[in-house]
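Summary of structural features
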Amino acid sequence: MKIRAIRCDTLSTLLEMAKSQHPLEFVALLEAEDGILSGITLLPGTRLDESSASIITDMIPLGMTFSGSAHSHPNGVIYPSDADIGFFPRFGDCHLIIGYPYESGDWLAFSRDGSPRDLEVVE
Ligand SMILES: [Zn+2]
């Protein structure tokens, strides 16, 4: 499924989650309906260091598939790390990075290869 947008209430929930986890990083996996990201599965306590992608895989309930992910960068740098680029392809096509201070414009979307992409915000 091609992802074209995220629902605005889903996005604001992600921003709130990032804010409440600060200064820790938060990670969530996203589900989509009709090409619109609208479902959030939070994986508590996970971090995107080198070993984390496999830990996250172990925590995913069997049979669930995801269209993307969202995670925060408490240092405010909205750009994928090497570990992120290793993680992205395993969890769908559209990956949000949310940076400190987590206001409405403090996020960007990336493709599975880590290149920036457009993502519409819809009601
Ligand atoms: Zn990251």
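The structure we're discussing is the one just above.
Notes on the structure in this doc start here. Fair warning: this is a prediction, and the values are worked out from it, not measured in the lab.

About the cut-offs
- Residues numbered from 1 in each chain as written.
- Predicted model: local features only at pLDDT ≥ 70, side-chain atom pairs only at ≥ 80, totals over all residues.
- Heavy atoms only, no water.
- Core = buried A, V, L, I, M, F, W, Y, C linked by side-chain atoms within 4.5 Å.
- Buried < 20%, exposed > 50% of the residue type's maximum accessible area, 1.4 Å probe, protein only.
- Helix = DSSP H or I, 4+ residues; strand = E, 2+ residues; numbered from the N terminus.
- Contact = heavy atoms within 4.5 Å.
- Pairing = 2+ DSSP bridges.
- Axes fitted to C-alpha atoms, helices over the stretch in contact; angles between N-to-C directions.
- Donors = N, O, S within 2.8 Å, 3.2 Å for Na, K, Ca; no water.
- Tetrahedral: all angles 85-135°; square planar, octahedral: opposite > 155°, others 65-115°.
- Phe/Tyr/Trp six-rings, centres within 6.5 Å; stacked < 30°, edge-to-face > 60°.

With that settled, the discussion passes to the nonpolar core. Across soluble globular proteins, you tend to see nonpolar side chains buried next to one another. With 20 residues, the main nonpolar core has Leu-14, Leu-37, Leu-96, Ile-98 and Leu-119 as its most contacted residues. Elements represented by at least two residues in this core include exactly helix H1 (8–21), strand E2 (27–33), strand E5 (94–99) and strand E6 (107–110). At five residues, H1 tops the list of elements feeding residues into this core. When residues no more than four places from it in sequence are discounted, the contact partners of Leu-37 are Ile-3, Ala-5, Ile-6, Arg-7, Thr-10, Leu-30, Glu-31, Ala-32, Ser-67, Cys-94, Leu-96 and Leu-119. Counting residues in each nonpolar core, the second largest holds ten residues, with Ile-60, Ile-78, Phe-88 and Ile-97 among its members.

Take the sheet that holds E2 next. Read from one edge to the other, the open sheet built from eight strands follows the order E7-E6-E5-E4-E2-E3-E1-E8, with strand pairing classed as mixed. Each end of this open sheet is capped by a strand with a single partner; those strands are strand E7 (116–117) and strand E8 (120–122). As defined by bridge partners, strand E1 (residues 5–7) adjoins strand E3 (residues 36–42) across two bridges and the pair is classed as parallel. Bridge pairing in E3 links Ile-6 to Leu-37. Packing of H1 onto the sheet brings it into contact with E1, E2, E3, strand E4 (68–73), E5, E6 and E8, and relative to E1 it is tilted by some 75°.

What follows is about the coordination of the zinc ion. At this site the zinc ion is bound by His-71 (NE2), His-73 (NE2), Asp-84 (OD) and Asp-84 (OD), with donor distances of 2.0 to 2.5 Å. One can describe the donor arrangement at the zinc ion as irregular, given that its four donor atoms subtend angles of 57 to 162° at the metal. Positions of the donor residues of the zinc ion along the chain correspond to the pattern H-x1-H-x10-D. Taken together, the positions of His-73 in strand E4 and Asp-84 in helix H3 (residues 82–87) put the pair eleven residues apart, joining distant regions of the chain. No difference in accessibility class separates His-73 from Asp-84, as the two residues are buried.

Another point: the packing of aromatic side chains. Taken as a whole and assessed by the stated rule, the structure comprises four aromatic pairs. Where Tyr-79 meets Phe-110, the ring centres are 6.0 Å apart and the plane angle is 85°; that geometry is what we call edge-to-face. With Tyr-79 in the loop between E4 and H3 and Phe-110 in strand E6, this residue pair connects regions lying 31 residues apart in the sequence. Counting every residue linked through ring pairs, the aromatic cluster contains Phe-87, Phe-88 and Phe-91.

Turning our attention to the pairing of E2. In terms of residue burial, E2 counts as a mostly covered element, since five of its seven residues are buried. When E2 meets E4, the two strands line up antiparallel, connected through four bridges. Within the sheet, the bridge partner assigned to Leu-29 lies in E4 and is Ser-69. Where E2 and E3 come together, six bridges link them in antiparallel fashion. Across the sheet, Glu-31 pairs through a bridge with Gly-39, a residue of E3. In this antiparallel pair of consecutive strands, E2 and E3, the connection spans two residues, and Asp-34 shows a positive phi of 55°.

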